[in-house]
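The primary structure of each chain is shown beneath.
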Amino acid sequence: MTASATTADDPRCRDDGLGWVTRAVFSDSRVAVTVNADPPGGHTVVARYAVVPSVARARFLLPLGCPRVAAAALLSYNALRPAKLRAVRAVLGVAARVGAVDRAPFPVLTVAVPVGLDPAEVLLAERVGAELGAPVHAACGVRPPDPNHKPTLQLFNGRGEPRGYAKIGWNGATRALVAAEAAALREVAGLAGTAGHPGTTRLLTTFAWAGQTVAVVEPLPARIRGVPVDTPPDLAALLAVARRGGPQASVRPLAGSPFLTRLTEQARCAADTVGERASAAVAGLARRHGDVAVEFGHWHGDWVPWNLGRHGGDLIAWDWEHSGPEVPVGFDLAHDAFQRALVLRGEPAAEAARQVDAWLDRHGDALGLDRARQRLVADAYLLEMWLRTWRLADAGAGWNPALHPALLDTIEKRHS
């Protein structure tokens, strides 16, 4: 440690990933947070973290004095990660287990609270422990600032055993996402295996904290393995999610559906951003497909291989923050195709849209989608995705440059 702390020592003043994460995790102004500096007088140190590998290139905040926890933060669920990242974390994790993180010359982030103040009043990890009924140790990954991402605490007990994750909704967009995931996890609790419904992580608790929304979910199974990115879609699981493990619903026309009503209202709200373009696109959808009857149901909302895993042969799905009801059955299949093209292969939005058409043509029959319904699902999904992009931007997350304006342009050109 060096001399007494100054504002310059507080990482929350930074505009990089370390600043973004520490502002979310240590949001109370009464908490003193310093890097390589003593806390102000009148404060009690309650936690220290290694900033790995450096302040400028921070990737992890690992608790000091808890070798098992530091190791577990690096090694847990490594089988879900890409090979290169898995190898790096494995080396660091083994070193952490024997106390190397504590001895290494990493920068040290110190967390202190005023003398006499209960840490549970101002520290998120302490509050989570109180909610769970047992103390927890926290570690945190650091990533570049992004208004659409949520800082997430990895939670462990003193033996390094996972206790869960705490997701932090810190702005309008991410607060809504955290709340939506909590609601979805409540709704699907107990449905694992019902008509092929995937398993989920259980919601442990959710609460408001210093203007933030926090959801704590249980850990994934220790031996879970990722789903390969080239795995064909699990159509039975997609149907089970759409139907909440129940029977097939009656088909209904798109015209007059709550889904079309919602799209119409949201497009109208987007007029300040894109004029009448979104409303015209929704009107075109209704004109082309209004008489087509389709089954409506729920969707996961982000059904992609990297949000899926297998444990003991059972499918597990996580990250339900975009889940919702009353969408045409087939949306998760369309999303899977779109995201594999856009994210995995780096293809532009127009090509990703063509992949949606191709997958619906290939797999749609298994979901009860004839050609007319396939076209409805594709067109409706692409509009839903653009409106999601607008909703996030409108809530403070900024525009996704891969989707705006390219996706709205693509929607218009599909039927010009």
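In the annotation of an unreviewed UniProt entry, the entry for the protein reads Aminoglycoside phosphotransferase domain-containing protein, and the organism field reads Micromonospora andamanensis.

Describe the sheet that holds strand β8 (residues 203-209), and please don't skip the residues or the numbers.
Hydrogen bonds along the backbone pair up the strands of a sheet, which may run parallel or antiparallel. A sheet is described by the order of its strands in space; here 9 strands give the open sequence β1-β4-β2-β3-β5-β6-β7-β9-β8, paired in antiparallel fashion. Each edge of the sheet is formed by a strand with only one pairing partner; in this case those strands are β1 (32-35) and β8. Geometrically, the sheet is characterised by an average inter-axis angle of 25° between neighbouring strands, direction not taken into account. Relative to strand β4 (residues 108-114), β1 runs antiparallel, the two being bridged by 4 bridges. By the bridge assignment, A32 is partnered in β4 with A112. Packing against the sheet, helix α2 (residues 67-75) makes contact with β3 (60-63), β5 (137-141) and β6 (152-156), and its axis sits at approximately 150° to β3.

I'd like a description of the sheet that holds strand β14 (residues 308-311), backed by residues and values.
The strand order across the open sheet formed by 3 strands is β10-β14-β15, and the pairing between neighbours is antiparallel. If you trace the sheet from one side to the other, it starts and ends with β10 (225-226) and β15 (314-317), each paired once. As paired strands, β10 and β14 are joined by 2 bridges and run antiparallel to one another. For R225, the partnering residue across the bridge sits in β14 and is R310.

Requested: an account of empty space enclosed by the protein, with residues and values cited.
Counting across every chain of the model gives 2 cavities of 30 Å³ or more. As for the largest cavity, its lining consists of 13 residues, and the residues nearest its centre are L238, A242, G330, F331 and D332. Those elements giving two or more residues to the lining of the largest cavity turn out to be α8 (235-242), β13 (296-299), β16 (324-328) and α12 (331-344). R288, D379, L382, I411, R414 and H415 together form the lining of the second largest cavity. For the lining of the second largest cavity, the secondary-structure elements that each account for two or more residues are α14 (371-397) and α15 (406-414).

Could you give an account of the pattern of salt bridges, with specific residues and numbers?
Scanning the entire structure with this criterion turns up 24 salt bridges. E187 serves as the salt-bridge partner of R244, at 2.9 Å between the closest nitrogen and oxygen. Residue R244 is located in the loop between α8 and β11 (252-253), and its partner E187 is located in helix α7 (residues 172-188); the two are separated by 57 residues in the primary sequence. For E187, a relative accessible area of 46% puts it in the partly exposed group. In this structure, E384 engages R391 in a salt bridge whose closest nitrogen and oxygen atoms are separated by 3.3 Å. The buried category is assigned to E384, whose relative accessible area is 3%. Of the residues examined, R391 reaches a relative accessible area of 27% and is grouped as partly exposed. Because the salt bridges share partners, they merge into one network encompassing R288, D357, D379 and R414.

Cut-offs used in this document
Residues numbered from 1 in each chain as written. Predicted model: local features only at pLDDT ≥ 70, side-chain atom pairs only at ≥ 80, totals over all residues. Heavy atoms only, no water. Pairing = 2+ DSSP bridges. Helix = DSSP H or I, 4+ residues; strand = E, 2+ residues; numbered from the N terminus. Axes fitted to C-alpha atoms, helices over the stretch in contact; angles between N-to-C directions. Contact = heavy atoms within 4.5 Å. 1 Å grid on protein atoms, 1.4 Å probe; cavity = no way out; pocket = protein on both sides within 12 Å on 5 of 7 lines; lining within 4 Å. Points joined across faces, edges and corners; volume = space filled by probe spheres on them. Salt bridge = Lys/Arg side-chain N within 4 Å of Asp/Glu carboxyl O. Buried < 20%, exposed > 50% of the residue type's maximum accessible area, 1.4 Å probe, protein only.

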